[in-house]
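# Remarks on the overall topology
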Amino acid sequence: MDLVVNILLGIIVAATPLVFAAIGELVVEKSGVLNLGVEGMMIVGAIAGFSVTLESGNYLIGIVSAILAGALMALLFGFLTQTLLANQVATGLALTMFGLGLAALWGQSYSGKTADKFPKLDIPLLSDLPVVGKLVFGQDYLVYLSVALVLAVSWFFRKTRGGLIIRAIGENHEAAHAIGYPVVFYRYLALLFGGGCAGLGGAYLSVVQTPFWAEDMTAGRGWIALALVVFAAWRPGRALLGAYLFGGITILQLHSQGFGVKIEAQYLSMLPYLATIMVLVMISSDRMKVKLNAPACLAQSFRAAT
C-alpha cells in the first residue's frame, strides 16, 4: 500500500507543473493567440523562482518572482506579435530559444545549489489518516492552487462577462472589434496570465519538485503543455486530467525498472515524449474535430481597421 501511495504522490507532483503551464496556455489560445514560447517562459520562471528563493529565504517572494518573470516574457511576446504583428509561430520559437539561453546564463552561479523543502499542508488528524491523509491533506500548497486555478478558469469562461469576451475574440476578432471590444488589450491580459502560469509551473520544478537548479530542467514540459491544450480540446477540466495522465506516464518510467521491467533507461525516458507524439498524431487524424474545437482565429494577427 505504501508503494501505491508513493506512486500516486509522484504522479501528483509530476503533473502539477504541467497543469499550471497548460491552463495558462489554454487561456492564451482561447483569446486567439498561439504562444509556442511556453518552454522558454517555464525555464525563466524556474531560475527566477529558485534564485530569488535562495537569496531571500522566502518561498512566497520566490514564487511571485517566477510569476512576474514568466509574465514579462509573455509581455515581450505580446509586444512583438500584437503590437508589431510579428508571426506568432516564429516569435514563440524564438522566445523559447531566448528563454533557454537567458536561464542558462542566469543560472551559472546557482548550478549545484539546493533549497530547503517547500512546506506542505498539515492538518492535525486529517493529515495522519492512512492513504487519504497523504494524498488529500498532505500536499504542498501549490498542488491545491493548481486544482483551484483549473476550477476558476472553467468558471471564468462559462459564467463571467470577461470570459465570454475572450472566447468571442478568439472565435471572431473582427466581429468583437466591431461591437467595441478592445481585442489587443484582452489578448495582452490573456498573455500575461498565461506567462505567469508558465513561470509558476517552472518554479514548481526548481523550488518544490526538485529544489535545486539544473540547466534545461524543464526538459520539454512546455511542449507537452502545448500538446495538452489540444488533447483537452481547449477545456480546462480535460487539461487537468491530461496533465495527470502524462504525470502518470512520467512516474511509470521511473518505477518500471523497480518492478523488474528490463528495458534500457534511455527508452523509458522517452515514454512521456512518445506519448505526446502519439496523442498529437491521433488528434491530427481527425482534423475536422480539431477545427470545431479550436478557436477560429487561433494564430491569426489582428489589425484594427482605420
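Since this is a predicted model, take the numbers as computed values, not measurements.

### Here we look at the overall build of the chain
Scanning the chain from N- to C-terminus turns up 14 helices and 0 strands. Element order for the chain, N to C, with α for helix and β for strand: α-α-α-α-α-α-α-α-α-α-α-α-α-α. A total of 306 residues make up the chain; the buried ones form 49% of that total. Expressed as a percentage of contacts within the chain between residues at least 6 apart in sequence, the contacts between residues at least 24 apart total 76%. One finds the centroid of the 18 positive side-chain charges in the chain at a distance of 11 Å from the centroid of its 15 negative side-chain charges.

### Details of the environment of A104
Locating A104 in the fold gives a position in helix 4 (residues 88-106). By relative accessible area, A104 is classed as buried at 17%.

### Considerations on the packing of helix 1 (residues 2-30) against helix 10 (residues 221-231)
Packing of helix 1 against helix 10 brings their axes to within 8 Å, and their N-to-C directions diverge by 55°. Of the possible angle classes, the one that applies to helix 1 and helix 10 is oblique. For helix 1 against helix 10, the interelement crossing comes out right-handed. Of the residues in helix 10, those touching helix 1 at L18, A21, A22, E25, L26 and E29 are R221, I224, A225, L226, L228 and V229.

### Details of the side chain of T91
Along the chain, T91 falls in helix 4. Not counting chain neighbours up to four residues away, the residues in contact with T91 comprise F77, L80, T81 and A86.

### Thoughts on the environment of V131
With respect to the element layout, V131 can be found in the loop between helix 4 and helix 5 (132-137). Along the sequence, V131 and G32 sit 99 residues apart, while their C-alpha atoms lie 42 Å from each other.

### Details of the packing of helix 3 (residues 59-83) against helix 9 (residues 183-209)
Look at helix 3 against helix 9: their axes get within 6 Å of each other, and the N-to-C directions meet at 140°. In this view, helix 3 runs oblique relative to helix 9, as classed from their interaxial angle. Viewed along their axes, helix 3 and helix 9 form a crossing whose handedness is right-handed. Per-class residue counts for the contact of helix 3 with helix 9 are 16 nonpolar, 7 polar and 1 charged.

### Some details on unusual backbone geometry
In this structure, L85 is a non-glycine residue whose phi angle is positive, near 60°. In this structure L85 comes out as partly exposed when scored by relative accessible area, which is 24%. Phi is positive for W234, which is not a glycine, with a value near 60°. With respect to the helices and strands, the residue W234 is situated in the loop between helix 10 and helix 11 (236-255).

### Description of the environment of V52
Relative to the elements of secondary structure, V52 occurs in helix 2 (residues 38-56). In this structure V52 comes out as partly exposed when scored by relative accessible area, which is 22%. As a C-alpha pair, V52 and G62 span 10 residues in sequence and 4.9 Å in three-dimensional space. Not counting the four nearest positions on each side in its chain, V52 is found in contact with G57, I61, G62 and S65.

### Thoughts on the side chain of S51
Within the secondary structure layout, S51 lies in helix 2. Take S51: its relative accessible area is 3%, and that puts it in the buried class. At 3.2 Å, the side chain of S51 forms a polar contact with the backbone oxygen of A48. Contacts of S51, omitting those with residues within four sequence positions, involve W106 and Y110.

Criteria and cut-off values
- Residues numbered from 1 in each chain as written.
- Predicted model: local features only at pLDDT ≥ 70, side-chain atom pairs only at ≥ 80, totals over all residues.
- Heavy atoms only, no water.
- Helix = DSSP H or I, 4+ residues; strand = E, 2+ residues; numbered from the N terminus.
- Buried < 20%, exposed > 50% of the residue type's maximum accessible area, 1.4 Å probe, protein only.
- Contact = heavy atoms within 4.5 Å.
- Lys, Arg positive; Asp, Glu negative; His and termini not counted.
- Charge placed at Lys NZ, Arg CZ, Asp CG, Glu CD.
- Axes fitted to C-alpha atoms, helices over the stretch in contact; angles between N-to-C directions.
- Parallel < 35°, antiparallel > 145°, perpendicular 65-115°, else oblique.
- Left-handed = near helix turned anticlockwise from the far one by under 90°.
- Nonpolar A, V, L, I, M, F, W, Y, C, P; charged D, E, K, R; others polar.
- Polar contact = N/O pair within 3.5 Å; in protein donor to acceptor, adjacent residues only side chain to side chain.

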